[in-house]
Amino acid sequence: MTTLEHDWFPGTVPDNVEIGPDGWFHSTFAFRHYRSRRPRGLVIGANCGIYIGTLFDLGPDGEVEIGPTSTCTGPIFATNNRIELGERCLVSALVVLADEPCATPPVADEPTAPPSEPRPVVISMGDDCWVGMGATLLAGAHLGAGVIVGAGTVVDFAVPDGAVVVGNPARILPGKGTA
């Protein structure tokens, strides 16, 4: 098991986590509720920064893939499915990416083998997306390339390339994107 030499928390990086070259990970505290049994539960691309407050609350079938040169500054990834982020994405503090609208408490580990079939993608972000502080992306949120999600916005639908989406309920600003 791998530890982080700068880590304040006495944890380890799970064996099914891949951190790309020149990637930076703040703390193993991010794995406090990480229960993924997938062969590659978390894949972090090259030159990524995973900063303080970022949490990976993955169930046994949960998978997250973060593209190269992306930055996470304190979001919560809560899924038992699959979440994918593209390249050069910025996910701000207090953002929640969740496949269910209500969080469930962690369950005791059950000794089951990971399924071999691929997981469905429930949330995806194209390249060059920005997600503002306190936004929530729920199952069905598929952000096209260059999408900007305003602070506090709740998204559960496909947003076209280049759009700016704001509000709760979310709406695409007129004249933005290809909607």
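Here, the structure is the one placed above.
Everything numeric here is computed off the predicted structure, so don't read it as measured data. Sequence order as written defines the numbering, with residues in each chain counted from 1. For a predicted model such as this one, the threshold for reporting local features is a pLDDT of at least 70, and the threshold for listing and counting side-chain atom pairs is 80 or more; totals across whole chains, interfaces and linings nevertheless cover every residue. Heavy atoms throughout the structure, all of them, feed into the side-chain values; hydrogens and water do not.

**Q** Tell me about the pairing of strand β6 (residues 63-66), residues and numbers included.
**A** Two elements, strand β3 (residues 42-44) and β6, share three bridges in a ladder whose sense is parallel. When the sheet's bridge partners are listed, Leu42 is paired in β6 with Val64. Summarising the sheet, β6 and strand β9 (residues 82-85) pair through four bridges and their orientation is parallel. In the sheet register, Glu65 faces β9, and the bridge partner there is Glu84. Any two strands with at least two DSSP bridges between them are considered paired. In this text, helices come from DSSP runs of H or I with a minimum length of four residues, and strands from runs of E with a minimum of two, each type numbered from the N-terminal end.

**Q** Could you give an account of the environment of Gly49, naming the residues involved and the relevant values?
**A** Its location among the elements puts Gly49 in strand β4 (residues 49-50). The residues touching Gly49, leaving out its near neighbours within four places in the chain, are Trp24, Ser70, Thr71 and Cys72. The contact definition used throughout considers only heavy atoms, calling two residues in contact when any of these lie within 4.5 Å.

**Q** Help me get a handle on the sheet that holds strand β18 (residues 158-159), residues and values and all.
**A** Backbone-to-backbone hydrogen bonds pair the strands of a sheet. The strands run either parallel or antiparallel. On the basis of which strands lie adjacent, the open sheet formed by seven strands has the order β1-β3-β6-β9-β12-β15-β18 and parallel pairing. On the outer flanks of this sheet lie β1 (17-19) and β18, each paired with one strand and no other.

None of the figures reported here should be taken as evidence of function without further support.
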